Amino acid sequence: MIDLQELTADVRRLIPILDAMQVEIIELDRTTAAARIPAGPNVNHFGMAYAGSLFTVAEVLGGLFPRTSLAAEGGVPLVKRMEIDFLRPAATDVVSRTSITEDEIARILSEYDERGKADFELATEVTDTAGTVVAATRGFYQLRRF
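Calculation notes
Starting afresh in each chain, residues are numbered from 1 along the sequence in its written order. Only residues with pLDDT of at least 70 are given local features in this predicted model, and only at 80 or more are side-chain atom pairs given and counted; all residues enter the totals for whole chains, interfaces and linings. Remark: hydrogens and water are excluded; side-chain values derive from all non-hydrogen atoms of the structure. Both site types are read off a 1 Å grid over the protein atoms alone. A 1.4 Å probe that fits but cannot get out defines a cavity, while an open set with protein on both sides within 12 Å along at least five of seven lines defines a pocket; lining residues have an atom within 4 Å of a point. Grid points are joined across faces, edges and corners, and a volume is the space filled by probe spheres set on the points. Secondary structure elements follow DSSP: runs of H or I no shorter than four residues count as helices, runs of E no shorter than two count as strands, and numbering proceeds from the N terminus. Three classes are used: nonpolar for Ala, Val, Leu, Ile, Met, Phe, Trp, Tyr, Cys and Pro, charged for Asp, Glu, Lys and Arg, and polar for all others, with Gly counted as polar. We call two strands paired when DSSP finds no fewer than two bridges between them. Between the N-to-C directions of two axes lies an angle of 0 to 180 degrees, each axis being a line fitted to C-alpha atoms and, for a helix, fitted only over the stretch in contact. Here, two residues are considered to be in contact whenever any of their heavy atoms come within 4.5 Å of each other. We call a set of buried residues a nonpolar core when its members are Ala, Val, Leu, Ile, Met, Phe, Trp, Tyr or Cys and they connect through side-chain atoms within 4.5 Å of each other. Think of it in three bands: residues with accessible area under 20% of the maximum for their type are buried, residues over 50% are exposed, and the middle band is partly exposed, with areas taken using a 1.4 Å probe on protein chains only. Salt-bridge detection follows one rule: a side-chain nitrogen of Lys or Arg within 4 Å of a carboxyl oxygen of Asp or Glu.

(A) Structural context of the layout of surface pockets. One number sums up the size of the largest pocket: a volume of about 230 Å³. Going through the elements one at a time, α1 (4–14) and β3 (75–86) are the ones with two or more residues in the lining of the largest pocket. With three residues, β3 is the largest single contributor of residues to the lining of the largest pocket. Tallied by class, residues from the lining of the largest pocket come to nine nonpolar, two polar and two charged.

(B) Broad picture of the sheet that holds strand β5 (residues 117–128). Spatial ordering of the open sheet is given by β1-β2-β4-β5-β6-β3, a layout of six strands whose pairing is antiparallel. In this open sheet, the two strands that pair with only one neighbour each are β1 (24–28) and β3. Strand after strand, the sheet turns through a mean of 20° between neighbouring axes, direction not considered. Where β5 and strand β6 (residues 133–145) come together, eleven bridges link them in antiparallel fashion. The residue of β6 that forms the bridge with Phe120 is Tyr141. Packed onto the sheet, helix α3 (residues 51–59) meets β2 (32–37), β3, β4 (94–99), β5 and β6 and runs at close to 140° relative to β3.

(C) Region of interest: the nonpolar core. Core analysis: the largest hydrophobic core is formed by 34 residues, its most contacted members being Leu70, Val94 and Val126. The set of elements that each furnish at least two residues to this core consists of α1, α2 (16–21), β1, β2, α3, α4 (102–115), β5 and β6. Once residues lying within four places of it in the same chain are set aside, the contact partners of Val126 are Leu54, Val57, Ala58, Val94, Val95, Ser96, Thr132, Val133, Val134 and Ala135.

(D) Representation of α3 in the model. Within the sequence span of α3, burial applies to Ser53, Leu54, Thr56, Val57 and Ala58. Buried residues along α3 sit in contact with α2, β2, β3, β4, β5 and β6.

(E) Representation of the pattern of salt bridges. Under the criterion given, the structure shown has 13 salt bridges. The salt bridge involving Arg138 is made with Glu121; its shortest N-O contact spans 2.8 Å. Pair noted here: Arg138 is in strand β6 and Glu121 is in strand β5, with a separation of 17 residues, a long-range link. Take Glu121: its relative accessible area is 37%, and that puts it in the partly exposed class. When salt bridges that share partners are traced, they join Arg81, Glu83, Glu121 and Arg138 into one network.

Here it is as structure tokens:
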């Protein structure tokens, strides 16, 4: 089982801006990942969630699966492209959540073994504390051998 506090500390150390944003990894298993950011350090000039913070809390999830289901020797996750729809303003903490299927995990690992890289896509929703979807993303990632 993954120690989420330890994982959060590790992620914040590897990517220092995540520490300033106070990103917290709240869930990670084979098929699901979620992270939270507090409103405080992530607001814009209107007192709403800053667009860049919403983007980042969603984007970071693609880098977590190589710690569980996409663990592969030499495998490093990279983001290739990200699309985001800002749907509603958020004045509260927000949570990003995504999932991946077992079939997709098998495909990615097989392709990685054969080619040394494999592309994958994640759909993520970012919700406020009331459960309202405030942003939705499609992230295009690559697991690549380095």
